[in-house]
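# Examining the three-dimensional arrangement
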Amino acid sequence: MPPPAPPPGQQVPGLFTPPPASSPASYRDLPGWQGAPLAASLEAFRRTCDRFSRRAWDAPLSRNAAWAGTAEDWAPACASLSTPLDDAAARRVFESLFVPVEIIDPEGKPRFTGYFEPMYEARRSPEPGFTEPVLALPSDFVANGDSPLQRLPNGTTRPYPPRAEITSNVSAPVIAWAHPSDVFFLQVQGSGRLVFPDGHTMRAAYAAHNGQPFKSVANWLIETGRITRGEGSMQGIRAWMDRASPDEVRQAMNINPRFVFFQSLPEGDAALGPNGAHNVPLTPLGSMAVDPSFHALGLPMFVQTTAPGLGGAWSGLLIAQDTGGAIKGPVRGDIYFGTGFDAGQRAGTMNAPGRLWVLLPRKVAERLYHNLGARPVAALETAPGMG
């Protein structure tokens, strides 16, 4: 059910500041909009609407991006898209109810990458080739937002230590053992599935990180001459790890002080991806990770970019349903490709600039750009064919 309507005439404070460097657009401005497949995006958006429906009517979708409106603002669109629609019908609904607003990166550094849910072989105890533990949250971990603490034996606390210290003195519970490079990339992706010799599959779901900054191992390998810039993909890094010595691999991994802890969950529905930060299962080529400093989770976003794993030039509708430690900036997205080896191969090719439009309910867009006098309402063009 949609949230209850607001009291007549009441306004919600804090919702009238537009996103920085943004510009209302027409659907004619969206390259490839008329041919973009929408089925995966609709599936993802319906899951988002379920989250919206659980909020109070006046709850902003995000404190950092209150411009995205409230749950009540999104209720009509969620209701209109709640039933199965073909692409043409869904396109008409989006065009009638949403205004595309282009987000511009003032620093000129738009970037889109890809990620996936890996599937790795694992063991319940260490053995040759499976020597790296997948760790659960340790008992000394004190949650503290993005700056977790470590409780010391004397009762005092300190910032949680970096990767090198965690892995040199393992004290956390171990949920599985895997190949060192597999565990490293499991942490980079943030979640994955572990497959045991008896056929049992377990989800290693994100639990928390240690609060240390994310640093690129690829950049370090390139700068030190260990790989070429053309080998800076996930595949290139893994190939280097396979031929390097264990000590070199450990040195490279420790360049990134951020460490991710996991929780063991049943596999559940194998067709669904892991839960993202929006607490809904991710949809292949329907979900994207964004920077929550700039964007509210749950928003539909139209992206134009390019990647070999997308068949070259690509544009499509994605729903902001996840976040990531390396996803920083207003035009920065990490596209979810799915589960397994093939998805990983495609995601590993994704690293390119692009453009980003947020699709806002017409009511929200008008409030941002008309009520404030920031732009004439005429700038909010109707969609092609809508009059």
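Here's what I pulled together on the structure shown here. (Residues numbered from 1 in each chain as written. Predicted model: local features only at pLDDT ≥ 70, side-chain atom pairs only at ≥ 80, totals over all residues. Heavy atoms only, no water.)

When its secondary structure is counted, the protein chain shows 10 helices and 18 strands. Its C-alpha atoms give the protein chain a radius of gyration of 22 Å, within 12% of the compact-globule value 21 Å for 387 residues. Along the first, second and third principal axes, the C-alpha set of the protein chain runs to 65 × 50 × 40 Å. Within the span of the protein chain, comprising 387 residues, buried residues form 51% of the whole. (Helix = DSSP H or I, 4+ residues; strand = E, 2+ residues; numbered from the N terminus. Rg over C-alpha atoms; globule rule 2.2 N^0.38 Å. Buried < 20%, exposed > 50% of the residue type's maximum accessible area, 1.4 Å probe, protein only.)

Before going further, it helps to examine the packing of helix H5 (residues 180-189) against helix H7 (residues 234-243). Where H5 contacts H7, the two axes come as close as 11 Å, and the packing angle between them is 155 degrees. One element, H5, and the other, H7, form an angle in the roughly antiparallel class. Crossing hand, H5 versus H7: right-handed. Along its contact with H5, which presents Ser-181, Asp-182, Phe-184, Phe-185 and Gln-189, the element H7 presents Met-234, Ile-237, Arg-238, Met-241 and Asp-242. Residue classes in the contact of H5 with H7 are distributed as five nonpolar, two polar and three charged. (Axes fitted to C-alpha atoms, helices over the stretch in contact; angles between N-to-C directions. Parallel < 35°, antiparallel > 145°, perpendicular 65-115°, else oblique. Left-handed = near helix turned anticlockwise from the far one by under 90°. Contact = heavy atoms within 4.5 Å. Nonpolar A, V, L, I, M, F, W, Y, C, P; charged D, E, K, R; others polar.)

The element strand E18 (residues 355-361) is largely enclosed, with a buried count of six among its seven residues. One ladder, built from six bridges, connects strand E2 (residues 98-103) with E18; its direction is antiparallel. In the strand pairing of E18, Val-101 is matched with Val-358. Where strand E14 (residues 300-307) and E18 come together, four bridges link them in antiparallel fashion. Within the sheet, the bridge partner assigned to Val-303 lies in E18 and is Leu-356. (Pairing = 2+ DSSP bridges.)

The subject of this paragraph is the environment of Arg-163. Assignment of secondary structure puts Arg-163 in helix H4 (residues 163-168). Overall, the relative accessible area of 5% leaves Arg-163 in the buried class. Residues Arg-163 and Ile-327, 164 residues apart in the sequence, show an inter-C-alpha distance of 20 Å. If we skip the residues at most four places from it in the chain, Arg-163 touches Phe-184, Gln-187, Asn-210, Met-253, Asn-254, Asn-256, Pro-257, Arg-258 and Phe-259.

Throughout the structure, instances matching the rule amount to one disulfide. Covalently, Cys-49 is tied to Cys-78 through a disulfide, its sulfur atoms 2.1 Å apart. Judged by the sign of its S-S torsion, about -85 degrees, the bond between Cys-49 and Cys-78 is left-handed. Pair noted here: Cys-49 is in helix H1 (residues 39-52) and Cys-78 is in helix H2 (residues 71-80), with a separation of 29 residues, a long-range link. Per residue, the accessibility class of Cys-49 equals that of Cys-78, and both read buried. (Disulfide = S-S within 2.5 Å.)

A word on the sheet that holds strand E1 (residues 22-24). Ordered in space as E1-E2-E18-E14-E15-E13-E16-E3-E17, the nine strands form an open sheet in which the pairing is mixed. Two strands bound the open sheet, and with one partner strand each, they are E1 and strand E17 (351-352). Note: strand E13 (residues 287-289) against strand E16 (residues 332-339), two bridges, orientation antiparallel. Looking at the pairing, Met-288 lines up with Ile-335 of E16. Where H2 meets the sheet, it contacts E2, E14 and E18, and its direction lies at approximately 95 degrees from that of E18. Running at roughly 75 degrees to E2, helix H3 (residues 87-97) makes contact with E2, E14, strand E15 (312-322) and E18 of the sheet.

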